[in-house]
Amino acid sequence: MKHFTEEEKIKILSDIIAIKSVNENEIEVANYLKDLFAEYGIEFKIVPVTDTRVNLVAEIGSGSPVIGISGHMDVVSPGDESEWTSNPFTLTERDGKLYGRGTNDMKAGLINLALVMIELKENNELKKGTVRFMATTGEEVGGAGSKKLYEEGYMDDVNYLWVAEPSHDTIIYSHKGSLNLRVSSIGEAAHSSMPDQGYNAIVPLMKYLLDMDEKLNGDDRKNEVLDKLVMSTTIFNAGNQVNSVPEKAVAEINVRTIPEFDNDEVIDLFNTTTDKYNKEGTDIQVEVTMSLPSVFTSGQSEMVDLAKKLGKKHLGLDISVKGSPGVTDASNLLRGKDENFPFMMFGPGETKMAHKTDEYVYKEYYFAFFHIYKELITRLSESKESL
């Protein structure tokens, strides 16, 4: 029999927080989890994504239902570490909170999933079905890891999926898509005293961006759960000295999409608008740097209903069920699934704490979600609905 103590759970989380998997280096997290699973005889597979980045997939049980559980191994940069009260890569407890980069987003959830897998296997508590643990790389930038898992068929036979992103009081069952574009305007350099001898690349790009802003943010289409599409120009670079007309200007744009105004339609609108401007004598180029589709499910499933009850039982909270403007690996993992597929995002932590200085997760929620996940898996695996 194996029952992880609270001390063991803190120690393992501390080990993972100490691994600086900042948009890279997830392979060290995967190796740690690999060794942990191997210690208990759990089968696993390292799934390469690039030369330096990998996913890790582990399984227990066999047959149906197949319960997919997922979390990402990467974290965002801590920023200026001097602004942290304690070392961002040293798990530190203060006032019932566990501080460190990735505690909230989302290593507390990831570790809970792994430790639940081990206890279920060691104690022979999974009587039916399969649990497939999918630890992904690169979620914070681009979702390359989850895309690889989808392409290699790891979701083909999955009957349920939840992603353990931080959201302790809310089950997320749908979320917007995310689309990144880089728009470049090419002009001709000249001295600022003789602008007619060149072509200022900023001018057409500014007109273009305002035009796209009006077309996208001015669109009236709404999703009943996710509301309207949102476009934001977030980066603008041009020129290198004040007395020279810039020959190039580059803007980067993020669009949060909805099913009614999806990624493909947005990309097509950018392309047709670009063609229109270029026919008028400009030189504008558009590159799609990331495209993650929206996730839209009904939220009507035994898994969601059960998770709400377990949240009340173990957290003492009334769990709401909502859509989210954020994006998860589900954008890739659920490609090809219909709106009736049982999906949720539910995990220890708070959405508002993601990417913050002095990031933390409540210690009690970290422990409570272990019990939520364990009971959720055992009950779903034995459910008549899943047979």
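Residues numbered from 1 in each chain as written. Predicted model: local features only at pLDDT ≥ 70, side-chain atom pairs only at ≥ 80, totals over all residues. Heavy atoms only, no water.

Rules: UniProt positions are given in the numbering used here, feature names are shortened, and annotations may be inferred rather than shown by experiment.
Looking up the chain in an unreviewed UniProt entry gives the name Probable succinyl-diaminopimelate desuccinylase, with the organism given as Mesobacillus campisalis. The annotation that UniProt attaches to the chain under Catalytic activity (unreviewed entry) is "N-succinyl-(2S,6S)-2,6-diaminopimelate + H2O = (2S,6S)-2,6-diaminopimelate + succinate".

**Focus: the domain arrangement of the chain**
To keep it simple, the criterion reads: An automatic or database domain assignment provides the domain bounds reported here. Two residues qualify as a contact provided that any one of their heavy atoms is within 4.5 Å of a heavy atom in the partner residue. Using a 1.4 Å probe, buried area is obtained as the accessible area two parts lose upon being combined, added over both of them. When a carboxyl oxygen of Asp or Glu is within 4 Å of a side-chain nitrogen of Lys or Arg, the pair counts as a salt bridge. For this analysis, a polar contact is any N or O atom pair within 3.5 Å, provided that within protein one partner can donate a hydrogen and the other can accept it, and provided that sequence-adjacent residues contribute only side-chain to side-chain pairs. Comment: elements are numbered from the N terminus, with helices defined as DSSP H or I runs of at least four residues and strands as E runs of at least two.
According to the domain assignment, the chain contains domain 1 (6-175 + 294-382) and domain 2 (177-292). Once you take the C-alpha centre of each, domain 1 and domain 2 turn out to be 35 Å apart. The interface is formed by 15 residues belonging to domain 1 together with 13 residues belonging to domain 2. Around 980 Å² of area is buried between domain 1 and domain 2 when both sides are counted, 66% of it from carbon and sulfur atoms. Broken down residue by residue, the surface that domain 1 buries against domain 2 is led by Ser-294, Phe-296 and Val-327, which jointly contribute 50%. Counting the contacts that link domain 1 with domain 2 gives 0 salt bridges. Where domain 1 packs against domain 2, one counts 2 residue pairs in polar contact (both at pLDDT 80 or more). For the side of domain 1 that touches domain 2, the secondary-structure elements that each account for two or more residues are β8 (170-175), β17 (295-296), β18 (320-324) and α8 (330-333).

**Description of helix α6 (residues 263-279)**
The condition that has to hold: One less than the residue count of a helix, multiplied by 1.5 Å, gives the span that helix is expected to have. Under the scheme applied here, a residue whose accessible area is under 20% of the maximum for its type counts as buried, over 50% as exposed, and between as partly exposed, the area being computed with a 1.4 Å probe on protein chains only. The directions from the helix axis to the C-beta atoms form the arc being described.
Here α6 spans 24 Å end to end across 17 residues, near enough to the 24 Å set by a 1.5 Å rise per residue. Taken residue by residue, α6 has Asn-263, Val-266, Ile-267, Phe-270, Thr-273, Thr-274 and Tyr-277 as its buried positions. End-on view of α6: buried residues confined to an arc of 130°, all on one side of the axis. More than 90 degrees from the buried face of α6, the exposed residues found are Asp-264 and Lys-279. Structurally, α6 contributes buried residues whose contacts are with β9 (177-186), α5 (202-217), β15 (248-257) and β16 (284-292). Where α6 terminates, the next one or two residues include Gly-281, which has phi positive at roughly 110°.

**Some words on the sheet that holds β16**
The pairing of strands in a sheet comes from backbone hydrogen bonds and takes either a parallel or an antiparallel form. This is how it is decided: Two strands pair under a simple rule: DSSP has to find at least two bridges between them. An axis is simply a line fitted to the C-alpha atoms; with a helix, the fit covers only the stretch in contact. Between two such axes, the angle follows the N-to-C directions and lies from 0 to 180 degrees.
Reading across the sheet, the 4 strands line up as β13-β15-β9-β16 and stay open at both edges, with antiparallel pairing between neighbours. The open sheet is flanked by β13 (230-238) and β16, the only strands paired with a single partner. Direction aside, the axes of adjacent strands within the sheet are offset by 15° on average. For β9 and β15, the ladder comprises 10 bridges, and the chain directions are antiparallel. Counted as the bridge partner of Ile-186 is Lys-248 from β15. Contacting β9, β13, β15 and β16, α5 runs over the sheet at an angle of about 170° to β13. Helix-sheet contacts for α6 involve β9, β15 and β16, and the interaxial angle to β16 is about 175°.

**With respect to helix α3 (residues 103-122)**
For α3, a buried count of 18 out of 20 residues is recorded, marking the element as mostly surrounded by other parts of the structure. Asn-124 sits one or two positions beyond α3 and adopts a positive phi of about 55°.

**Some remarks on the sheet that holds strand β4 (residues 92-94)**
Strand order in this open sheet of 3 strands is β4-β5-β20, and the pairing throughout is antiparallel. In this open sheet, the two strands that pair with only one neighbour each are β4 and β20 (360-362). Strand-to-strand twist of the sheet, defined as the mean angle between neighbouring strand axes without regard to direction, takes the value 30°. Across 3 bridges, β4 lies against strand β5 (residues 97-99) in antiparallel orientation. Across the sheet, the residue bridging to Glu-93 is Leu-98, located in β5. Seen against the sheet, α3 touches β5 and β20 and runs at an angle of roughly 50° to β20.

**Comments concerning the nonpolar core**
Quick note on the threshold: Side-chain atoms within 4.5 Å are what join buried Ala, Val, Leu, Ile, Met, Phe, Trp, Tyr and Cys residues into a set we call a nonpolar core.
In terms of nonpolar packing, the biggest core is built from 62 residues, with Leu-33, Phe-37, Phe-133 and Trp-162 touching the most fellow members. Setting aside chain neighbours within four positions, we find Phe-133 in contact with Leu-33, Phe-37, Leu-56, Val-57, Ala-58, Ile-69, Leu-110, Leu-113, Ala-114 and Met-117. Counting residues in hydrophobic clusters, the runner-up holds 23 residues, among them Val-183, Ala-201, Val-255 and Val-266.

**Looking at the packing of α3 against helix α9 (residues 363-381)**
Stated precisely, the cut-off is as follows: For classification, angles of less than 35 degrees are called roughly parallel, those exceeding 145 degrees roughly antiparallel, those between 65 and 115 degrees roughly perpendicular, and all remaining angles oblique. Note: crossing handedness is left-handed where the near helix turns anticlockwise from the far helix by less than a right angle, and right-handed where it turns clockwise. Lys, Arg, Asp and Glu make up the charged group, whereas Ala, Val, Leu, Ile, Met, Phe, Trp, Tyr, Cys and Pro make up the nonpolar group; the residues left over, Gly among them, are polar.
Following both chains from N to C, one finds α3 and α9 inclined at 50°, their axes separated by 9 Å at the closest point. On the basis of the axis angle, α3 is oblique to α9. Judged by the sense of rotation from one axis to the other, the crossing of α3 with α9 is right-handed. Contact residues: α3 offers Ala-108, Gly-109, Ile-111, Asn-112, Leu-113, Leu-115, Val-116, Glu-119 and Leu-120, while α9 offers Tyr-366, Phe-369, Phe-370, Tyr-373, Lys-374, Ile-377 and Thr-378. For the contact of α3 with α9, a count of residues per class yields 11 nonpolar, 3 polar and 2 charged.

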